[in-house]
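# Structural overview
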Amino acid sequence: MDRYLLIVSTVCFLVAVVRTIIALRAGVFQPGRFSFLAIGLGFIFQTAFLSIRGHALGRCPLTNLFEVFIFLAWSIALIYMLVGPAYRLSLMGAFTAPLVFLVQAFALIAPIDVRHVSNAPANPWLEFHASISIIAYGAFALACIAGVMYLVQERQLKTHHLHSVFYHLPPLTDLFAAITRLLWLGFALYTVGVVSGFFTGHPLPRPQVVAAIGVWLLYAAILQGRHLRRLAPKRVAALCIAGFGAALTLLWGITFSAQTHTLP
Amino acid sequence: MNIFCVGLSHHTANVETRELFAGHGETECILRNAGCAEALLLTTCNRVEVYGASEKRVSTDDIARCLAREIEKDAHEYAPAFYRYEGEKCVQHLFRVASGLDSMVVGESEIFGQAKKAYESARASNVVGPYLHRLFQRAFRVAKQVRTHTEITRGLVSVGSVAVDLAQRIFGKLSDCRVLVLGAGEMSERTARALLSRGVTDLRVSNRSIDRAQELARVVGGRAISFDDWPAQCGEIDILITSTSSETPLLRPEDLAPMLHDRLDRPLFIIDIAVPRDVDPRVNEMEAVYLYDIDSLESVAEQSLALRRQQIAAAEAIIAEHVADFGEKMSLGLNRAQNPGHPAIGENSLRASEL
């Protein structure tokens, strides 16, 4: 039953993607409420899925790679719902939907929904650490999307070749402001997530700690470079993409190694 | 009742001929006397058109005579310059005109306002009845739909407007932007004025002749900067408009690099409208610097036009749908009018149906 909810949610994101592609092909690339509504609907079904799965497990649904991916997709949609309209970056939906769709479709297709039975009681610190870190990844994902939008817009301005999409993307300075705020939001959440990891009462594997601190340092360096005006906006945008790639790799590694030592 | 359109436009007549038939204050009344039950005159710099509704056919020559100002020749001699559309063709033509598809610059939206003004004026003179009322209300609806659902009005097609639009694509609101105008020529003045009209408040002017710089600064409400001091301004400003008559580039990457050191997070938009160019093209390769010379601005304008042309088919499809629907509704209305069991089409009932 819960997987059906997820399939419906994935279809919602797919509809948003297909509509964007059709609009792009027709040369009419207009930001509207459609993307926001489609993502909103997808988000509701995601929430329902996570709620049912969490209720069945009796803990936060982050017990395997499948659930982690769905939680990540939910976090991206959540941050988009909070941030997209606030920054009037409605076109962000057109970029967010494909990412959420890919993450969710992969989770559904890949054989990664392996149940790990654990009789140990849920550890609130560990659940808090894991969920807050993944929500931080949602913010980093949105910063990555805003980075892609920035690079698309910047390239068009540099080369003097303006596609139809140029007229719908937000101004460069607005995009850069959004990237900065998303980075700060993600960094703050990630800091809380990393720190709370030390309160779980379980010994943390050294490679995971090193990798997590490595990602934290990478984002700290990006923010410091931006704050000191030593990094051009284009480089900040490119680093947001690289940073999210690194964060995803880390997430994969942590979950993979956690699966081999089932979560308590 | 037959709906028709008779007129001449930039497609069929030169400006001298259009001037001869530009109509006058009494034209609509004369047209009614000539047999038009309803008449509306639409005059713009590119077209003179009469839209009418009549029981009997009013000849093109008669309409040309109503439009003519003082002409030496017989109006009939200008007949080849006139076109005439009737019924469905007339409806389609008006929808195309109102949507900007028949304009010299495809997709321009000024015609929409001009058509609205012509309609309001005709309504105030009581020369418009239910047929033209319905026709024009639908035309405005179609034009709005075309504008919303296609990219026909997207992009700008003149060099000055392209420059201002690009500035907005980089900075968003221009009210916080600092602008330096280098060279007090006509083109830079025009571009500066366009920027001021979009909210720029901090404008600086520099010129080899400080008197000319002060004069332009006074006219546009900016402040004059000595020509020796302008390079130092590049660390502060957001937009540089340059159009001096210098034979060699005034700004090279090596001059600009030290000034950009502390402002890497703020873009610099340079509009070089001088020929020969004032800014070394290599400047465009620098981080966060966007250089547009006159050729690249014209290229962007051309791309906008090409984008608009691509959208013509989509706009024509919307129009065709409305032409068919309008034809159906009109015949339905006529049937009702002819059927004594139903009330005739009155202006109020039409207005209510359109609203």
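Everything numeric here is computed off the predicted structure, so don't read it as measured data. (Residues numbered from 1 in each chain as written. Chains lettered and ligands numbered in written order. Predicted model: local features only at pLDDT ≥ 70, side-chain atom pairs only at ≥ 80, totals over all residues.)

### Comments concerning the overall build of chain B
From N to C terminus, chain B includes 14 helices and 10 strands. Against the globule reference of 20 Å for 355 residues, chain B gives a C-alpha radius of gyration of 27 Å, more extended than a compact globule. The 355 residues of chain B split such that 43% are buried. Taking all contacts inside chain B whose residues are at least 6 apart in sequence as the whole, residues at least 24 apart take part in 69%. (Helix = DSSP H or I, 4+ residues; strand = E, 2+ residues; numbered from the N terminus. Rg over C-alpha atoms; globule rule 2.2 N^0.38 Å. Buried ≥ 20, exposed ≤ 12 C-beta atoms within 10 Å, placed from the backbone. Contact = placed C-beta atoms within 7 Å.)

### Structural notes on the interface of chain A and chain B
In this assembly, 19 residues from chain A lie in contact with 25 residues from chain B. Among the elements of the structure, helix H5 (124-159), helix H6 (172-197) and helix H8 (233-260) of chain A are those that each provide at least two residues to the side of chain A that touches chain B. Element by element, the count of residues in the side of chain A that touches chain B is highest for H6(A), at 3 residues. In the side of chain A that touches chain B, the residues fall into 9 nonpolar, 4 polar and 6 charged. (Nonpolar A, V, L, I, M, F, W, Y, C, P; charged D, E, K, R; others polar.)

### Describing the sheet that holds strand S10 (residues 289-293) of chain B
To summarise the sheet geometry, strands pair through backbone hydrogen bonds and adopt either a parallel or an antiparallel arrangement. Residue and element names in this part refer to chain B. Ordered in space as S7-S6-S5-S8-S9-S10, the 6 strands form an open sheet in which the pairing is parallel. At either end of the open sheet lies a strand with only one pairing partner, and these are strand S7 (223-225) and S10. When strand polarity is set aside, the average angle formed by the axes of neighbouring strands in this sheet is 20 degrees. Sheet topology note: the strand S5 (residues 178-182)/strand S6 (residues 202-206) ladder contains 5 bridges and is parallel. (Pairing = 2+ DSSP bridges. Axes fitted to C-alpha atoms, helices over the stretch in contact; angles between N-to-C directions.)

### Overview of the environment of A:Gly214
Residues and elements named next belong to chain A. Structurally, Gly 214 is set in helix H7 (residues 206-227). Judged by the 12 C-beta atoms lying within 10 Å of it, Gly 214 falls in the exposed class. Sequence separation between Gly 214 and Gly 193 is 21 residues; the distance between their C-alpha atoms is 14 Å.

### Some details on the domain arrangement of chain B
Entries for chain B in the domain assignment read domain 1 (2-154 + 311-354) and domain 2 (159-304). Of note, the centres of domain 1 of chain B and domain 2 of chain B, computed from C-alpha atoms alone, are 44 Å apart. (Domains from an automatic or database assignment.)

### Structural notes on the sheet that holds strand S1 (residues 2-9) of chain B
Residue and element names in this part refer to chain B. Strand order in this open sheet of 4 strands is S2-S3-S1-S4, and the pairing throughout is antiparallel. Each edge of the open sheet carries a strand with a single partner, namely strand S2 (38-43) and strand S4 (83-86). Between one strand axis and the next, the sheet turns by 15 degrees as a mean value, whatever way the strands run. Looking at chain direction, S2 and strand S3 (residues 47-54) are connected through 6 bridges and run antiparallel. Within S3, the position partnered with Leu 40 by the bridge is Tyr 51.

### A closer look at the nonpolar core
Counting 127 residues, the largest nonpolar core has A:Leu142, A:Ala146, A:Ile179 and B:Val179 as its most contacted members. In this structure, B:Val179 is in contact with B:Ala192, B:Leu195, B:Val200, B:Asp202, B:Leu203, B:Arg204, B:Ile237, B:Ile239 and B:Ile241, ignoring residues within four places of it in sequence. (Core = buried A, V, L, I, M, F, W, Y, C linked by C-beta atoms within 7 Å.)

### Here's the deal with the pairing of strand S9 (residues 268-272) of chain B
Residues and elements named next belong to chain B. The buried fraction of S9 is high, at 5 of 5 residues. Residues Leu 268, Ile 270 and Asp 272 point to one face of S9 and Phe 269 and Ile 271 to the other, with burial holding for every one of them. Relative to S9, strand S8 (residues 239-242) runs parallel, the two sharing 4 bridges. Note on S9: the bridge partner recorded for Thr 242 is Asp 272.

### Some details on the packing of helix H7 (residues 159-171) of chain B against helix H8 (residues 186-197) of chain B
Residues and elements named next belong to chain B. The interhelical angle for the contact between H7 and H8, taken along N-to-C directions, is 45 degrees, at an axis separation of 9 Å. Accordingly, the angle class assigned to the pair H7 and H8 is oblique. Between H7 and H8 lies a crossing whose hand is right-handed. Mapping the contact onto sequence places Gly 160, Ser 161, Ala 163, Val 164 and Ala 167 in H7 and Arg 190, Thr 191, Ala 194 and Leu 195 in H8. In the contact of H7 with H8, the residues fall into 5 nonpolar, 3 polar and 1 charged. (Parallel < 35°, antiparallel > 145°, perpendicular 65-115°, else oblique. Left-handed = near helix turned anticlockwise from the far one by under 90°.)

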